Amino acid sequence: MRKLAVSNPLEAGPPSTRPRRGESGQAAAIMPIATSLDHETLWQAVLEFIRHNIPHSSISLLLPDITSAESPNAREALKNRFKGYVLSPRVMASQNYLKAHPRAQIYTFSEILREDPTAAQRRETEGDADWQEFANLAFWSRRGQLRAILTIRRRPEHGSFTAGEFEFFRVLYPAVHAALERLASLEREHAKSLCFEHYVMALPLATMFVRGNGDLLFANSAAYDLCALWNFGPQQATSFNTRACFELPEAIAQTIQRVASAREAGEALPPEARVQHPRIPGLTATVRRVSDPRSAVVGASFVICLAYVDRLGNADTAAAPVACATLQLLTPAERKIALLVQDGLTNKEIAAKLSRSVQSVEWTLHSIYRKVGVASRTQLVRALLGVG
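All figures in this text were calculated on a predicted structure; none of them were measured in a lab. (Residues numbered from 1 in each chain as written. Predicted model: local features only at pLDDT ≥ 70, side-chain atom pairs only at ≥ 80, totals over all residues. Heavy atoms only, no water.)

Some points on the sheet that holds strand β9 (residues 272-276)
Put simply, the rule reads: One bridge is not enough; two strands pair if DSSP finds at least two bridges between them. By definition, any uninterrupted DSSP run of H or I lasting at least four residues is a helix, any uninterrupted run of E lasting at least two residues is a strand, and each is numbered from the N terminus. Lines are fitted to the C-alpha atoms to define the axes, a helix being fitted only along its stretch in contact, and any angle between axes, read from their N-to-C directions, falls within 0 to 180 degrees. Any two residues whose heavy atoms approach within 4.5 Å are treated as being in contact.
The five strands lie next to each other as β8-β7-β11-β10-β9, forming an open sheet whose pairing is antiparallel. The outermost strands of the open sheet, each flanked by one partner alone, are β8 (216-219) and β9. Pairs of neighbouring strands in the sheet enclose a mean axial angle of 20°, with direction left out of account. Strands in contact with helix α7 (residues 163-201) are β7 (206-211) and β8; relative to β8, the strand with the most contacts, it is inclined by about 55°.

Given below as structure tokens:
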């Protein structure tokens, strides 16, 4: 584990001579901690709060999940991320103390020395002797894992921590702990969302998520392609950057508004609505409403799946949902050939349609058979149709 530390240029006088904020001032100063949206803003808010209340020589925040990198490049990246901070030497003076006192929240170096005299020797051998006393605020997860340690260090001229300063720590602790819990939850949700987006982006099934007002939340590559086909037609769609020129098709937007209005009016609705393109046969969209009853702000969203059944007229196609598990095993080029095989084309016809040689199509088919686990065209078509 690594520490991010900052040396405070403020050399404060004795605690009794420093001005202290009143309760209202402390409440206002602690608000940025409670509202921080990432670890960097949390760190800045904690520094500002401590700077006005506690004399110290340096402060460090140990975040095991973030600052555990050992490589020089990773350490340099951390210094760049936390501007103005330097990585301090590793100090594990409290390691034995925490083993003896699991979930300890607030403790000092003096308390550690009373139980573990060797802590002073470890500090000196690790070359971090520019302090005499520290106070640690240790933050734990619900499962008892150490989430962070906030350390406030003092030189001899700063004196020992007073009863008033311990009261200050007891005010600071729950605010930082709540912020860390919230940030951990946000990071878990972000990681989950990122993994989900990467997975859906690669799906051959054209899928997009849209808010009730029509704002796009997410679309995978297949959805961008079919929306371009819907808006511009087969001749022009291939000449555009489908992501850059994305626009929600008007017929789909109207369906979303109609479903949303009917829902607000209390009308009974089927679980999904189907939209057919007015001029391109086989190009359809299925609209399904999704809502979280616990959400009072975001409102309902919509999952939209597009499909182009007439795949013979266009090799850049989307798959039927039943084929997704099988097609997910293949590369985009292999998917095109597999779908054309399903449509009944011979190798010669596939080669002509894709401007490839018959031998190239045959090689690709052998690769498809191996990945899908089949031995013939008939077995491949059955796999794509979901037939055992």
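Still more to cover.
Concerning helix α8 (residues 221-237)
Defined as follows: In this scheme, a helix's expected span is set at 1.5 Å multiplied by one less than its residue total. In this scheme, the bend at a residue equals the angle between the axes fitted to the seven residues that finish there and the seven that begin there. A 1.4 Å probe rolled over the protein chains alone gives each residue an accessible area, and that area as a share of the maximum for its type sets the label: buried under 20%, exposed over 50%, partly exposed in between.
The terminal C-alpha atoms of α8, which comprises 17 residues, lie only 13 Å apart, well short of the 24 Å expected from a rise of 1.5 Å per residue. Of all the bends in α8, the largest measures some 95° and sits at N231, one to four residues before the proline P234. Within α8, the full set of buried residues consists of A222, A223, Y224, L226, C227, A228, L229, W230, G233 and A237.

Considering the packing of helix α2 (residues 39-51) against α7
Each pair of packed helices can be described by the angle between their axes along with the distance between the axes. Defined as follows: For this classification, under 35 degrees means roughly parallel, over 145 means roughly antiparallel, 65 to 115 means roughly perpendicular, and everything else is oblique. Only Asp, Glu, Lys and Arg are considered charged in this grouping, and only Ala, Val, Leu, Ile, Met, Phe, Trp, Tyr, Cys and Pro are considered nonpolar; every other residue, Gly among them, is considered polar.
Taken N-terminus to C-terminus, the directions of α2 and α7 make an angle of 175°; their axes are 11 Å apart at the nearest point. Compared by their axis directions, α2 and α7 come out roughly antiparallel. Here H39, L42, V46, F49 and I50 of α2 come into contact with α7, specifically with F168, L172, V176, A179, L180, L183 and E187. For the contact of α2 with α7, a count of residues per class yields ten nonpolar, one polar and one charged.

Notes on the packing of aromatic side chains
The cut-off we apply is this: Stacked, edge-to-face and tilted are the three classes for Phe, Tyr and Trp ring pairs, Trp counted by its six-membered ring, which pair at centre distances within 6.5 Å; planes under 30 degrees apart are stacked, over 60 edge-to-face, the rest tilted.
Counted according to the given criterion, the structure contains 14 aromatic pairs. Taking 5.8 Å as the distance between ring centres and 15° as the angle between the ring planes, the aromatic pair formed by F196 and F209 counts as stacked. On the criterion of sequence distance, the pair formed by F196 in helix α7 and F209 in strand β7 is long-range, its members being 13 residues apart. In this structure an aromatic cluster arises from ring pairing among F49, F161, F166, F168 and F169.

Notes on the confidence of the model for the protein chain
Keep this limit in mind: Scored from 0 to 100, pLDDT reflects the predictor's confidence in each residue.
Scored by pLDDT, the protein chain comes out at a mean of 78, with 76% of its residues at no less than 70. Here strand β3 (residues 86-88) is the element of the protein chain with the lowest mean pLDDT, 41, and strand β4 (residues 106-108) is the one with the highest, 94. Low pLDDT, under 50, characterises residues 81-91; the predicted model gives this stretch 33 contacts beyond four residues in sequence or across chains. A low-confidence stretch, residues 311-318 stays under pLDDT 50, and its non-local contacts, those more than four residues away or across chains, total 19 contacts.

A few points about the environment of D215
Here D215 shows up in the loop between β7 and β8. With relative accessibility at 40%, the residue D215 sits in the partly exposed group. Sequence-wise, D215 and A253 are 38 residues apart; in three dimensions their C-alpha atoms are separated by 9.7 Å.

A look at the nonpolar core
Threshold: We define a nonpolar core as any set of buried Ala, Val, Leu, Ile, Met, Phe, Trp, Tyr and Cys residues linked to one another through side-chain atoms lying within 4.5 Å.
Counting residues in each nonpolar core, the largest one holds 43 residues, and the members touching the most others are I33, I50, Y107, L150 and L172. Considering each element in turn, this core owes the most residues, nine residues, to α7. Dropping the residues within four chain positions of it, I33 is found in contact with L42, A45, V46, F49, L172, A175, V176, A179 and R182. Grouped together as the second largest cluster of nonpolar side chains are 29 residues, W230, A253, I256 and A285 included.

Looking at the pattern of salt bridges
Definition in use: One side-chain nitrogen of Lys or Arg within 4 Å of one carboxyl oxygen of Asp or Glu is enough to make a salt bridge.
Tallied over the entire structure, the rule returns eight salt bridges. For E181, the salt bridge goes to R147, with nearest N and O atoms at 2.7 Å. Here R147 lies in strand β6 (residues 146-154) and E181 lies in helix α7, a separation of 34 residues in the sequence. With respect to burial, E181 and R147 carry one shared label: buried. Its salt-bridge partner being K371, residue E334 comes within 2.9 Å of it at the nearest N-O pair.

Digging into the side chain of N53
Going by this rule: Nitrogen and oxygen atoms within 3.5 Å of one another constitute a polar contact, given that in protein one can donate a hydrogen and the other can accept it, and given that sequence-neighbouring residues count only through two side-chain atoms.
Here N53 shows up in the loop between α2 and β2 (58-62). For N53, a relative accessible area of 2% puts it in the buried group. Within the structure, the side chain of N53 is placed 2.6 Å from the backbone oxygen of F49, a separation counted as a polar contact.

A closer look at the packing of helix α13 (residues 358-372) against helix α14 (residues 377-385)
For the record, the criterion: Take the far helix as your reference; a near helix turned counterclockwise from it by less than a right angle gives a left-handed crossing, and one turned clockwise gives a right-handed crossing.
Their axes nearest at 11 Å, the elements α13 and α14 cross at an angle of 55°. With respect to α14, the element α13 is oriented oblique. Considering only the axes of α13 and α14, their crossing is left-handed. When α13 is examined against α14, the residues L365, I368, Y369 and V372 are found in contact with a partner set consisting of R377, L380 and A383. When its residues are assigned to classes, the contact of α13 with α14 shows six nonpolar, no polar and one charged.

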